[in-house]
Amino acid sequence: MIYRCGACGGLLEVRHDLEALRDLRTPRSWKALFRERLSAIRGFHRSGVWRYHELVLPDLSPADAVTLGEGNTGLYRLEALERRAGAGPLHLKHEGQNPSLSFKDRGMTAGVSWARRLGVRAVACASTGDTSAALALYAARAEGLAALVVVPRDGITLEQLGQPLASGCRTIRLDTDFDGCIQLLQELARLHPLYLLNSLNSIRLEGQKTIAFEILQQLDWEPPDWIVMPVGNAGNVSALAKGFSELRELGILERVPRLAGVQAAAAAPLARAFSEGAPEIEPLVAGETIATAIRIGNPVSAPKALSAVRASQGVFLQVDDAAAADAKALVDASGVSICPNSGVAVAGWLQLVSEGVIGRRESAVVVGTAHGIKFSRTTLDYHRGTSPAGPGAHANPPVETAATLEDLERAAGLACG
Ligand SMILES: *Cc1c(COP(=O)(O)O)cnc(C)c1O
């Protein structure tokens, strides 16, 4: 159970034997294999993570896999946004369609399966709400694997708090923020045999990089010009960068997309370091934001993410809560329910288009990281006009009226005269 290099202290990274993989199949034959597995009705390869088994964790035996058929999430064109911005094509990869309603399931099927292979007894994580839900769910499926999650007392939603409780996971609420939770948990893990499944765990990133694989497969292996995603601890952006670069080395991809990592203004150490051209981030104390899943002042994968985004000719930027809330409302109203953190990414796309960083004819895929239903309070506040982010431009408040036919008719806008 090690996560960092003994010599330099940097996070470990999984390195695949790309030469062996190149010898195994041609790019064409890899694509044919992945296409064939798409038609699986059940079993290991039906998962949108394990469909790419050989490129994810080739040493994992399918018998050790703990899977809920994760991945296989929708890729939706957002025409209403395209018209508004006068740019496109724009797609949203809806990772909220995973079993626990966020992309964290992709990392957890890998991490919990690996825990089983290692024979560990207990897994743990600190979380802003989605990692804990995913860990609890997969640990429950694993049977016999004890799970512990540590969350900030006030930093996660009611729906997210209910998830690990329902899965039978020991759930500890601490009177601190995420950065405080992870620090204490790491100290605890030095004293007790706990396998940590935060994104400092390199195995998790192997699962998460399949977001990149699936997007490409859904676009018939034609890469978009840009991938735009919300960034908190910066594991996911590092994972996608790794996925794209491996596909290029295997000859499956000719060019990799540029990456745009979007942060909430209240917790934007990477955006700040990027705009200052600094070699590394300055950790900060995160302020309040509706994007609670990315409210992190000291991202553990910051060095990996900075170099990956720079290498892709990409950018980091920040947006405020009002822009994120309006962007979420626009996407929600187009029939795709997203979370405020995904709203941060959509607002980032709008901003990059308006600044001309993303050209009007450049294609982009925004990664929607969790489902809107996990953040009902934020949605209700927005539409009722009680959001801390201020009044929304697209608010659709509920109408309350007395229970008579006349009142109902008036409220429905059907009264004549
Ligand atoms: C975890 C999470 C993120 C951020 O991912 P990182 O790997 O921490 O950068 C964004 N959105 C949601 C909904 C998340 O749960």
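Residues numbered from 1 in each chain as written. Predicted model: local features only at pLDDT ≥ 70, side-chain atom pairs only at ≥ 80, totals over all residues. Heavy atoms only, no water.

Asks: Can you explain the nonpolar core? Please cite residues and give values.
Replies: With 87 residues, the main nonpolar core has Val123, Tyr195 and Ile227 as its most contacted residues. Per-element tally for this core: the top contributor is helix H6 (residues 130–142), with 6 residues. If near-sequence neighbours (up to four positions away) are discounted, Ile227 is found in contact with Ile215, Leu240, Phe244, Pro257, Arg258, Leu259, Ala260, Val365 and Val367. Grouped together as the second largest cluster of nonpolar side chains are 32 residues, Leu81, Ala324, Val346 and Val366 included. (Core = buried A, V, L, I, M, F, W, Y, C linked by side-chain atoms within 4.5 Å. Buried < 20%, exposed > 50% of the residue type's maximum accessible area, 1.4 Å probe, protein only. Helix = DSSP H or I, 4+ residues; strand = E, 2+ residues; numbered from the N terminus. Contact = heavy atoms within 4.5 Å.)

Asks: Pulling in residues and values, what's your account of helix H2 (residues 27–37)?
Replies: Taken residue by residue, H2 has Trp30, Leu33, Phe34 and Arg37 as its buried positions. Within H2, the buried residues cover an arc of 95° as seen down the axis, which keeps them to one side. Of the residues in H2, the exposed ones pointing more than 90 degrees away from the buried face are Arg28, Arg35 and Glu36. In this fold, the buried residues of H2 make contact with helix H1 (18–24), helix H3 (53–56) and helix H10 (210–218). (Arc of directions from axis to C-beta.)

Asks: Describe in detail the pattern of salt bridges, supporting the description with residues and values.
Replies: Opposite charge on two side chains lets them pair, provided their charged atoms get close. Under the counting rule described, the total for this entry stands at 18 salt bridges. Between Arg15 and Glu13 there is a salt bridge; the shortest N-O distance is 3.3 Å. Each of Arg51, Lys93, Glu95, Arg106 and Glu214 takes part in one network of salt bridges that share partners. (Salt bridge = Lys/Arg side-chain N within 4 Å of Asp/Glu carboxyl O.)

Asks: Just give me the short version of the pairing of strand E8 (residues 258–264), but keep the residues and values in it.
Replies: Note on strand geometry: in a regular strand, side chains alternate between the two faces of the sheet. With respect to burial, E8 is a largely interior element, 6 of its 7 residues being buried. By the bridge criterion, 5 bridges tie strand E7 (residues 226–230) to E8 in an arrangement that is parallel. By the bridge assignment, Ile227 is partnered in E8 with Leu259. In terms of handedness, the path from E7 via helix H11 (residues 235–249) over to E8 forms a crossover that is right-handed. Relative to strand E9 (residues 315–319), E8 runs parallel, the two being bridged by 5 bridges. In the sheet register, Val262 faces E9, and the bridge partner there is Leu317. (Pairing = 2+ DSSP bridges. Right-handed = clockwise from strand over helix to strand, strands pointing away.)

Asks: Give a detailed account of the site of the ligand, specifying residues and quantitative values.
Replies: Taken together, 16 residues lie near the ligand, and Lys104, Asp130, Asn233, Asn236 and Thr369 sit nearest. The backbone of Gly232 places a nitrogen or oxygen atom 2.9 Å from an oxygen atom of the ligand. Within the complex, the protein chains bury 97% of what would otherwise be the 380 Å² of accessible surface of the ligand. Partitioning the shell around the ligand into residue classes produces 8 nonpolar, 6 polar and 2 charged. (Near = heavy atom within 4 Å. Polar contact = N/O pair within 3.5 Å; in protein donor to acceptor, adjacent residues only side chain to side chain. Areas by Shrake-Rupley, 256 points an atom, 1.4 Å probe, with all protein chains shown as cover. Nonpolar A, V, L, I, M, F, W, Y, C, P; charged D, E, K, R; others polar.)

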